[in-house]
There are 2 protein chains.
Amino acid sequence: MAVYTDITEGELEAFLKNYDVGQLLSYKGIAEGSENSNFLLHTASGAYILTLYEKRVDAADLPFFLGLMDHLARKGINCPLPVHRRDGAVIGKIAGRPAALITFLEGMWMRRPTVTHCREVGKALAGMHLAVADFPLSRPNALSVEGWRKLWDGARPRADEVEPGLVAEVDADFAELSARWPSDLPSGVIHADLFPDNVFFLGDRLSGVIDFYFACNDLYAYDLATCLNAWCFEKDHAFNLTKGTALLAGYQSVRPLTAAEKDALPMLARGSALRFMLTRLYDWLTIPDGALVQKRDPFEYIRRLRFQRQIRSASEYGLGEA
Amino acid sequence: MAVYTDITEGELEAFLKNYDVGQLLSYKGIAEGSENSNFLLHTASGAYILTLYEKRVDAADLPFFLGLMDHLARKGINCPLPVHRRDGAVIGKIAGRPAALITFLEGMWMRRPTVTHCREVGKALAGMHLAVADFPLSRPNALSVEGWRKLWDGARPRADEVEPGLVAEVDADFAELSARWPSDLPSGVIHADLFPDNVFFLGDRLSGVIDFYFACNDLYAYDLATCLNAWCFEKDHAFNLTKGTALLAGYQSVRPLTAAEKDALPMLARGSALRFMLTRLYDWLTIPDGALVQKRDPFEYIRRLRFQRQIRSASEYGLGEA
């Protein structure tokens, strides 16, 4: 939630000479995205987002991320289309950083998603899972079980300061996850961070999915489990069964889950809650107060994790037949 | 340079029901303006800026600020036009804060203004000084000599920590300013903060003047003196005589200075340098590190102040005949 790098109009005009987007009319640093610097541009041909990739993003991953957006947009998924430069490339450089220009999507992210929004995000997620079938690139998920273990090694010594008893709880989670984490489910490229702030709506219509910078190859059902955690809980941390039912029905209306995926959903949702709890806990303990990076309270996901440990069957999320 | 207050799409849609601007399409918090929260909105009828006034702005001053923009825009000055609500008001409320919607101006602020930009800003400033002649409201300048003294009282005990010798230098400035500060020069409403980040250009054409939240009644020539400090020095703190000449010639091409104004210009420029040095010094000493408010280094204006103390005649700025 910050602009890390400012750019001059001269730098920007030189950068845009490589693109066929018409005269630059304005650019504003926007307070969105926690990993990169983002600018909203108006040019003679419309509105664009310029992203400067800061050091938390590996430049070697950019062809995967931008190629994925390009692939999805061309398949009709509502996501930003990377603008190609005159030489065909989609990655340029400005202010010493790799940078890309993507189309601007109108729409607002829902601070308070409704049941309808949950259904629509389920449909869109399934649509993406179908659309990536022929995407040729792949990227391992650095934040799967082994990655979580590294985060936990860093956070564990001070975890009980944040929440008494957390060390014992999470050690037990790791023991169960190591024994029971599924590996033989349908997999492909997943979004891996489909939180409400990454999905735009115009009224009830989903107008855009953004921020593919955690996308990677992993289990499709794990992506859906992340959405259960991200979309179907209320501010008081209570699970909303109506929203869960809508999300899962929306997903299955486009891509029905296999029996094995349904069985695995509680374990996947528990793992996903652990993953987001761990990154938040790690940042909470390591980022100095007052830094520009926004720190999210790990407590929300400690609560999610405790909820997910109790779930025995996906029917408790509202899963019906496809 | 921060968004202090986030708003939900529900709050914003309710707020916009009072305005005739068409359907909301998107809104983004933008990283501009150091005093308020600003959002760039797209609606079916175009682009707008929504400003939420945070506590550093006195709500009682808003009719003056917004009335001034309205007055200037209707006189043909390139500045934002406050959008009137259906009930005629220009000030609404959102997220518990007073808020206004103003038209969005295309253009970029110049991180490195050229001689041409200096000439154009001079012309625009003079145009504003003519256009306010029949503006009916007034607002005293809280940051004139007496206001500076209060800032200095707060900063003085620790000023020598920031720059050794500063206490003696500034005490001498106050002695001279008290004896020689002019009061009988042409006066009216001034912008009072016309720095490069408050002026937009499209190429060489000035497309917008923004941020009237320091506007007040004071000497016109003091406004011009502030522009000399803000526009005509290079990054190495050297005064650029060509830029000074262009700024002053641009101003005088629209509103010739009186002989008394010309004589007073060095003292006004010294006072203006002191004013900006003091607010920066005060913030430097009082705002905690890591706060969201951007702190500007006072040293730039310590250098300006030292320069201005040496000036004996406005011809040293490049002032020619009108």
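What counts, and at which threshold
- For every chain, the first residue of the written sequence is number 1, and numbering continues from 1 onward in sequence order.
- Chain letters and ligand numbers both follow the written order, the letters beginning at A and the numbers at 1.
- Only residues with pLDDT of 70 or above have their local features reported here, since the model is predicted, and side-chain atom pairs are shown and tallied only from 80 upward, although totals for entire chains, interfaces and linings are computed over all residues.
- Based on all heavy atoms of the structure, the side-chain values leave hydrogens and waters out of the count.
- Helix and strand labels come from DSSP, where a helix needs a run of H or I of at least four residues and a strand needs a run of E of at least two; each type is numbered from the N terminus.
- An expected span of 1.5 Å times one less than the residue number is assigned to each helix.
- In this analysis, two residues are considered to be in contact whenever any of their non-hydrogen atoms come within 4.5 Å of each other.
- Partly exposed residues are those whose accessible area sits between 20% and 50% of the maximum for their type, while under 20% is buried and over 50% is exposed, using a 1.4 Å probe and protein chains only.
- One bridge is not enough; two strands pair if DSSP finds at least two bridges between them.
- Pairs of cysteine sulfur atoms within 2.5 Å are what we label disulfides.
- Between the N-to-C directions of two axes lies an angle of 0 to 180 degrees, each axis being a line fitted to C-alpha atoms and, for a helix, fitted only over the stretch in contact.
- Roughly parallel covers angles under 35 degrees, roughly antiparallel covers those over 145, roughly perpendicular covers 65 to 115, and oblique covers all other angles.
- Two helices that cross are described as forming a left-handed crossing if the nearer one is turned anticlockwise from the farther one by less than a right angle, and a right-handed crossing if clockwise.
- By the convention adopted, Pro, Cys, Tyr, Trp, Phe, Met, Ile, Leu, Val and Ala count as nonpolar, Lys, Arg, Asp and Glu as charged, and the other residues, Gly among them, as polar.
- Segmentation into domains, and thus their bounds, comes from an automatic or database assignment.
- By buried area we mean the combined loss of accessible area, with a 1.4 Å probe, across both parts when two parts are placed together.
- Each salt bridge in this description consists of a side-chain nitrogen of Lys or Arg and a carboxyl oxygen of Asp or Glu lying within 4 Å of one another.
- Pairs of N or O atoms are called polar contacts if they sit within 3.5 Å, as long as, within protein, a hydrogen donor faces a hydrogen acceptor (for residues adjacent in sequence, only side-chain-to-side-chain pairs).
- To superpose the copies, least squares is applied to the C-alpha atoms of every residue with a pLDDT of at least 70 in both.
- For this analysis, a ring pair means two rings from Phe, Tyr or Trp (six-membered ring only for Trp) whose centres lie within 6.5 Å, classed as stacked if their planes differ by under 30 degrees, edge-to-face if by over 60, and tilted for the remaining angles.
- We call a charge positioned above a ring when the Lys NZ or Arg CZ atom is no farther than 6 Å from the ring centre and deviates by at most 35 degrees from the ring normal.

Engineer: How should helix 9 (residues 299-310) of chain B be read in this particular structure?
Structural biologist: Residues spaced three or four apart along an α-helix point in a common direction, a consequence of the helix completing one turn every 3.6 residues. The terminal C-alpha atoms of helix 9 of chain B lie 18 Å apart, and with 12 residues this matches the ideal 16 Å at 1.5 Å per residue to within 8%. At its buried positions, helix 9 of chain B is contacted by helix 5 (166-180), helix 6 (220-231) and helix 8 (259-286) of chain B.

Engineer: Even after reading the chapter, I still don't get unusual backbone geometry, so can you show me in this structure?
Structural biologist: Negative phi values dominate among residues other than glycine, just as trans dominates among peptide bonds. Residue and element names in this part refer to chain A. The backbone of Ala95 sits at a positive phi, close to 50°, despite the residue not being glycine. Structurally, Ala95 can be placed in the loop between strand 4 (92-94) and strand 5 (97-103). The phi dihedral of Asp211 is positive, around 60°, even though this residue is not glycine. As for its placement among the helices and strands, Asp211 is situated in the loop between strand 9 (205-209) and strand 10 (216-219). Using a relative accessible area of 22% as the deciding quantity, one classes Asp211 as partly exposed.

Engineer: Is there a simple way to explain the sheet that holds strand 6 (residues 108-109) of chain A in this structure?
Structural biologist: Hydrogen bonds between backbone atoms are what pair the strands of a sheet, whose relative direction is either parallel or antiparallel. All names here are of chain A. On the basis of which strands lie adjacent, the open sheet formed by 3 strands has the order 6-8-9 and antiparallel pairing. A single partner strand is all that each edge strand has here, and the edge strands are strand 6 and strand 9. Two elements, strand 6 and strand 8 (residues 199-202), share 2 bridges in a ladder whose sense is antiparallel. For Trp109, the partnering residue across the bridge sits in strand 8 and is Phe200.

Engineer: What's the story with the state of the cysteines in this structure? I'm lost.
Structural biologist: Note on terminology: a disulfide is the covalent bond linking the sulfur atoms of two cysteines. Residue and element names in this part refer to chain B. Counted under the stated rule, the structure contains 0 disulfides over all chains. Cys216 takes part in no disulfide bond, and the closest cysteine sulfur to it belongs to Cys227, at a distance of 13 Å. Given the relative accessible area of 0%, Cys216 is considered buried. Of all cysteine sulfurs in the structure, the one in Cys118 sits closest to Cys232, which takes part in no disulfide; the separation is 4.5 Å.

Engineer: Would you explain the pairing of strand 1 (residues 24-30) of chain A in this entry?
Structural biologist: Every regular strand shows the same layout, with side chains that alternate between the two sheet faces. Residue and element names in this part refer to chain A. Taking burial as the measure, the 7 residues of strand 1 include 6 buried ones, the bulk of the element. Pairing between strand 1 and strand 2 (residues 37-43): 6 bridges, direction antiparallel. Its bridge partner being in strand 2, Ile30 is matched across the sheet by Asn38.

Engineer: Could you clarify how one ought to interpret the environment of Leu41 of chain B in this entry?
Structural biologist: All names here are of chain B. With respect to the helices, strands and loops of the structure, Leu41 is situated in strand 2 (residues 37-43). Each C-alpha atom, one on Leu41 and one on His71, is 23 Å from the other, the two residues being 30 residues apart in sequence. Here Leu41 is in contact with Leu12, Leu16, Leu24, Ser26, Tyr27, Gly46, Ala47, Tyr48, Leu50 and Leu101, once residues within four sequence places are set aside.

Engineer: Please clarify how the packing of helix 6 (residues 220-231) of chain A against helix 8 (residues 259-286) of chain A should be interpreted in this entry.
Structural biologist: Between two packed helices, both the angle of their axes relative to each other and the distance between the axes serve to describe the pair. Residue and element names in this part refer to chain A. Following both chains from N to C, one finds helix 6 and helix 8 inclined at 60°, their axes separated by 8 Å at the closest point. Between helix 6 and helix 8, the crossing angle belongs to the class labelled oblique. In this structure, helix 6 meets helix 8 at a crossing whose hand is right-handed. Side by side, helix 6 and helix 8 meet where Tyr220, Ala221, Tyr222, Ala225, Thr226, Leu228 and Asn229 of the first sit next to Glu261, Leu265, Leu268, Ala269, Gly271, Ser272, Ala273, Arg275 and Phe276 of the second. Of the residues contributing to the contact of helix 6 with helix 8, the split by class is 10 nonpolar, 4 polar and 2 charged.

Engineer: Would you mind going over the domain arrangement of chain A with me for this structure?
Structural biologist: The figure often quoted for interface size is the accessible area lost as the parts come together. Residue and element names in this part refer to chain A. The domains assigned to chain A are domain 1 (9-104) and domain 2 (109-317). Look at where the C-alpha atoms of domain 1 and domain 2 centre, and you get two points 27 Å apart. With 20 residues of domain 1 in contact, the opposing surface of domain 2 contributes 25 residues. Approximately 1,900 Å² of surface area, both sides summed, lies buried where domain 1 meets domain 2, with 67% of it carried by carbon and sulfur atoms. Considering only the surface of domain 1 that becomes buried against domain 2, Phe64, Phe65 and Asn78 emerge as the three largest contributors, covering 30% of it. Taken together, the links from domain 1 to domain 2 amount to 3 salt bridges. Of the charged contacts in the structure, one is a salt bridge between Lys75 and Asp134, with a shortest N-O distance of 2.9 Å. Summed over the shared surface of domain 1 and domain 2, the result is 7 residue pairs in polar contact (both at pLDDT 80 or more). Ranked by the residues each element gives to the side of domain 1 that touches domain 2, the list is headed by helix 2 (residues 62-74), at 8 residues. Looking at the side of domain 1 that touches domain 2, its residues break down into 10 nonpolar, 5 polar and 5 charged.

Engineer: What is the right way to look at the sheet that holds strand 8 (residues 199-202) of chain B in this model?
Structural biologist: Residues and elements named next belong to chain B. Read from one edge to the other, the open sheet built from 3 strands follows the order 6-8-9, with strand pairing classed as antiparallel. Here the strands that pair on one side only, and so sit at the sheet edges, are strand 6 (108-109) and strand 9 (205-209). Sheet contacts for helix 3 (residues 115-131): strand 8 and strand 9; angle to strand 9, the most-contacted strand, approximately 45°.

Engineer: Just checking my understanding: could you explain the interface of chain A and chain B for this structure?
Structural biologist: Listed per partner, the contact involves 30 residues of chain A and 30 residues of chain B. At the boundary of chain A with chain B, total buried surface from both sides reaches about 2,700 Å², with 58% on carbon and sulfur atoms. Taken as a group, Lys28, Met108 and Arg111 of chain A account for 24% of the area that chain A buries against chain B, more than any other trio of residues on that side. Where chain A meets chain B, there are 2 salt bridges. In this structure, Arg111 of chain B and Asp6 of chain A form a salt bridge, with 3.1 Å as the shortest nitrogen-oxygen distance. Counting across the interface, chain A meets chain B through 17 residue pairs in polar contact (both at pLDDT 80 or more). Only helix 1 (9-16), strand 1, strand 2, strand 6 and strand 8 of chain A provide two or more residues apiece to the side of chain A that touches chain B.

Engineer: When you look at the relation of the copies chain A and chain B in this model, what are you seeing that I'm missing?
Structural biologist: One chain copy maps onto the other through a rotation about an axis and a shift parallel to that axis. Rotating chain A by 180° and moving it 0.0 Å along the rotation axis overlays it on chain B with an RMSD of 0.0 Å. Those values place the two copies in the arrangement expected of a two-fold rotation axis.

Engineer: Would you mind going over the side chain of Ser144 of chain B with me for this structure?
Structural biologist: Mapped onto the elements of the fold, Ser144 of chain B is located in the loop between helix 3 and helix 4 (145-162). If sequence neighbours within four positions are ignored, Ser144 of chain B has contacts with Trp181 and Asp218 of chain B.

Engineer: Mind showing me how you'd approach the packing of aromatic side chains here?
Structural biologist: Given two aromatic rings, their pairing is described by the distance between the two centres and the angle made by the two planes. Counted by the stated rule, this structure contains 34 aromatic pairs over all chains. Between Trp148 of chain A and Tyr222 of chain A, the aromatic rings sit 6.4 Å apart at their centres with planes inclined by 35°, giving tilted as the arrangement. Remark: Tyr222 of chain A occurs in helix 6 and Trp148 of chain A occurs in helix 4 (residues 145-162); sequence separation between them is 74 residues. On the basis of relative accessible area, Tyr222 of chain A is assigned to the buried category, the value being 3%. Here the aromatic rings of Phe239 of chain B and Tyr317 of chain B are separated by 5.9 Å at their centres, their planes lie at 65°, and the arrangement is edge-to-face. Taken as a pair, Phe239 of chain B in the loop between helix 6 and helix 7 (241-254) and Tyr317 of chain B in the segment after helix 9 lie far apart in primary sequence, 78 residues in all. Here the two residues Phe239 of chain B and Tyr317 of chain B agree in accessibility, since each one is buried. Grouping aromatic residues by their ring pairs yields a cluster made of Tyr53, Phe64, Phe65, Phe135 and Tyr213 of chain A. A cation over a ring is seen here: Arg275 of chain A above Phe276 of chain A, with NZ or CZ 3.8 Å from the ring centre. In this structure, Arg111 of chain B is placed above the aromatic ring of Trp109 of chain B, and the distance from its NZ or CZ to the ring centre is 3.8 Å.

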